[in-house]
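# Coordinates in review
As a plain string of letters, each chain reads:
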Amino acid sequence: MPEARAVSDTCKKKSCSDSAPSQSHSGLSSGQISAPRLPATAPMASSLGGKIAGYQGQLPGSEVQPPQLLERIRRSSRDPFWSRLESRVWTVTLLAGTCLLYCARASMPICAVSMSEEFGWNKRQSGMVLSSFFWGYCLTQVLGGHLSDKVGGEKVIFLSALTWGLITAVTPLVAHVTSVPLILVSLLRFLMGLLQGVHFPALASLFSQRVREAERAFTCSTVGSGSQLGTLVMGGAGSLLLEWYGWKSVFYFAGFLTLLWGYGLSTYLLKEKERIVTVEDLGKCFAVSAQTNGQWKKLFRKSPVWAVILAQLCVASTAFTIFSWMPTFFKEKFPESKGWVFNVVPWLFAIPAGILSGLLSDSLITRGYQTVWVRKLMQIVGMGFSSAFMFCLAHTSSYHYAVAFASVALALQTFNHSGITVNVQDIAPSCAGFLFGAANTGGALLGVVLVYLSGYLIETTGSWSSMFHLVIVVNLMGLIVFLEFAKSERVDAETIHV
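Only a predicted model underlies this, so the values are computations on that prediction, with no experimental measurement involved.

## With respect to the overall build of the protein chain
Tallying secondary structure elements over the protein chain gives 20 helices and two strands in all. A separation threshold of at least 6 residues defines the contact pool for the protein chain, and within that pool the share at least 24 residues apart is 83%. Accessible surface computed for the protein chain: about 23500 Å², of which carbon and sulfur atoms make up 64%.

## A look at the nonpolar core
Grouped together as the largest cluster of nonpolar side chains are 76 residues, with contacts concentrated most on L94, M115, F207 and L435. In terms of residue count, the dominant contributor to this core is helix 3 (residues 84-119) (11 residues). If we ignore the near neighbours within four places in the chain, the residues touching M115 are M108, G120, W121, V185, W247 and F251. Counting residues in hydrophobic clusters, the runner-up holds 26 residues, among them M326, W347, V403 and V471.

## Things to note about the side chain of N423
As for its placement among the helices and strands, N423 is situated in helix 18 (residues 420-427). Setting aside residues no more than four positions away along its own chain, N423 makes contact with V308, R375, F482, A486, K487 and S488.

## Some details on the packing of aromatic side chains
The description of two aromatic rings rests on the distance between their centres and on the angle between their planes. This structure, assessed with the given rule, holds 24 aromatic pairs. Relative to W247, the ring of F119 has its centre 6.0 Å away and its plane inclined at 65°; by these criteria the two rings are edge-to-face. Linking F119 in helix 3 with W247 in helix 11 (residues 247-268), this pair joins segments that are 128 residues apart in sequence. For W247, a relative accessible area of 4% translates into the label buried.

## Digging into the pattern of salt bridges
Under the criterion given, the structure shown has three salt bridges. The partner of E215 in a salt bridge is R84, with the nearest N and O atoms 3.0 Å apart. Highlighted residues: E215 in helix 9 (residues 213-224) and R84 in helix 3, separated in sequence by 131 residues. On the basis of relative accessibility, which here comes to 12%, the residue E215 falls in the buried class.

## Re the environment of A428
Here A428 lies in the loop between helix 18 and helix 19 (432-461). Classification of A428 by relative accessible area gives buried; the value is 0%. Expressed as a C-alpha distance, the spacing of A428 and P304, which sit 124 residues apart in the sequence, is 9.9 Å. With near-sequence residues (within four places) excluded, A428 lies in contact with L435 and D492.

## A look at a nonpolar patch on the surface
Side chains of L240, W244 and Y245 sit close together on the surface and give an oily, nonpolar patch of about 400 Å² of accessible area. Along the chain, W244 turns up in helix 10 (residues 226-245). Taking relative accessible area as the criterion, W244 reaches 57% and is therefore assigned exposed.

## Quick word on the confidence of the model for the protein chain
Put simply, the protein chain has an average pLDDT of 82, and 80% of its residues get 70 or more. Confidence, expressed as mean pLDDT per element, reaches its minimum in the protein chain at strand 2 (residues 56-58) with 40 and its maximum at helix 16 (residues 371-394) with 96. Segment residues 10-77 is flagged for pLDDT under 50; beyond a separation of four residues in sequence, or across chains, it makes 80 contacts in the model.

## Remarks on the environment of P109
Relative to the assigned elements, P109 resides in helix 3. A residue is classified by how much of its surface remains accessible, and P109, at 48% relative accessible area, is partly exposed. A sequence separation of 21 residues divides P109 from L130, and the C-alpha atoms of the two residues are 6.9 Å apart. When near neighbours in sequence (up to four residues on either side) are disregarded, P109 contacts L130 and R189.

## Some words on helix 9
Between its first and last C-alpha atoms helix 9 spans 17 Å; for 12 residues at 1.5 Å apiece the expected length is 16 Å, and the two agree. Burial analysis of helix 9 places 10 of its 12 residues in the buried class, which makes it a mostly covered element. Listed in full, the buried residues belonging to helix 9 are E215, R216, A217, F218, T219, C220, S221, T222, V223 and G224.

## Quick notes on the packing of helix 3 against helix 11
The geometry of helix 3 relative to helix 11 is characterised by a closest axis approach of 8 Å and an angle of 160° between their N-to-C directions. The angle between helix 3 and helix 11 falls in the class roughly antiparallel. As for the relative orientation of helix 3 and helix 11, their crossing is left-handed in sense. A breakdown of the residues in the contact of helix 3 with helix 11 according to their chemical character gives 16 nonpolar, five polar and two charged.

## Things to note about the state of the cysteines
One pass over the full model with this rule turns up zero disulfides. The thiol of C99 is not disulfide-bonded; the next cysteine sulfur, from C103, is found 4.3 Å away. What makes C99 buried here is its relative accessible area of 9%.

## Observations regarding the packing of helix 8 (residues 199-210) against helix 9
Where helix 8 meets helix 9, the axes come as close as 11 Å, and the angle between the chain directions of the two elements is 155°. In terms of orientation, helix 8 lies roughly antiparallel with respect to helix 9. Handedness of the helix 8/helix 9 crossing: right-handed. Between helix 8, through L203, F207 and S208, and helix 9, the contact on the second element is made entirely by R216, T219, C220 and V223. Split by residue class, the contact of helix 8 with helix 9 holds four nonpolar, two polar and one charged.

Rules used in this analysis
- Residues numbered from 1 in each chain as written.
- Predicted model: local features only at pLDDT ≥ 70, side-chain atom pairs only at ≥ 80, totals over all residues.
- Heavy atoms only, no water.
- Helix = DSSP H or I, 4+ residues; strand = E, 2+ residues; numbered from the N terminus.
- Contact = heavy atoms within 4.5 Å.
- Areas by Shrake-Rupley, 256 points an atom, 1.4 Å probe, with all protein chains shown as cover.
- Core = buried A, V, L, I, M, F, W, Y, C linked by side-chain atoms within 4.5 Å.
- Buried < 20%, exposed > 50% of the residue type's maximum accessible area, 1.4 Å probe, protein only.
- Phe/Tyr/Trp six-rings, centres within 6.5 Å; stacked < 30°, edge-to-face > 60°.
- Salt bridge = Lys/Arg side-chain N within 4 Å of Asp/Glu carboxyl O.
- Patch = residues over 30% accessible without salt bridge, like charges linked within 9 Å, V, L, I, M, F, W, Y side chains within 5 Å.
- pLDDT = per-residue confidence, 0-100.
- Expected span 1.5 Å × (residues − 1).
- Axes fitted to C-alpha atoms, helices over the stretch in contact; angles between N-to-C directions.
- Parallel < 35°, antiparallel > 145°, perpendicular 65-115°, else oblique.
- Left-handed = near helix turned anticlockwise from the far one by under 90°.
- Nonpolar A, V, L, I, M, F, W, Y, C, P; charged D, E, K, R; others polar.
- Disulfide = S-S within 2.5 Å.

Spelled out as structure tokens, the structure:
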């Protein structure tokens, strides 16, 4: 382990001058252990956030088994991080939660045509229902991240999921008990956007506080792949439910599964105090003093902070643009193509690619590579290499090549989860949720602009390549800024106090 070797070399140079001459060649007296010389099986100071650097204690015997030592260090240091088992359980749980989040989000687009026929909505009215979600989604990113930093991301994720899951489940009922379903359904979608907007900032905050640096990339990329998994699940199961039982069953399916997930999370993983947000918690969130304002100003003067915000803004906006226009691109350029192919195949490639990026990133850091170098490498793949395949997609006339280029481009974009998404947690773990929320809000708003601008370019030039070129330019601009200014060292230690 690189950290263990480095600390051991330091100890040898100092020669442990205060030790007795009768010490053994290892530099340890009988029955005594010093923090710089912990066994390789014990977690080092770097992996515990530097909290065990000064630990010394008398052990009952000269030989101590690793499990006993780990337990004593954990109790002494009050280690805030999840254990390996806890981390895996939470990763699977949050992966399922993110999958259900996208299932609920996609329920309206899947059912829009059927609902329009039943309620007599025209295209403009259907568009109002669909767009209402994104207006709500943009408004709570920063607030959700800040609240998560103060009271805990697990609380915010749990309570928001229960609420948007209930909204999804009751949507069919609300649509039929009113004479103005258009207004009420649009309002429910707006509220769902408000509640789902806190999810990813809360994840960033939670991971920065509970996941060790060497495991964050895998955790983030795996949980992030839930978005592709949810799109696939709803595209398959949702389409079948719509055909067999009608559009109401799609909302029931996503809503009740989410409520069941929330019940499991509350019962098996959360403590009682982690299930509620008290008035005192809200007071912590909204208490702002002149000193706090000055601290935030110092933080936003740091170039690594702006590097990660601008990079995330570019990634989010371009992904939103590709997601919006890709189906239309295939339908218009390849009229004979089957929708299930280009709507499913790219996402099948994206899921394993996202998990692979996390494993690769954590493996490189464990082997001793600098964290910032690994983060930049992931962004070169996620923004640079993916742009190269986007360029190929823009200029191919073969349907099979187009599907292949789109699949590879979307798969490579998942490497962003192991780059900027984790880098937010590297540089500012005390306020990672707030910063990620700010960047994601900007990305969503810029995404709306890019979607409109792309449509304008396609209309005026008569070519789809103009849209892909716009995406490539924005991606490369964000990549250049990140490569130039990104760091991995904490920049919040002197500014934000938690």
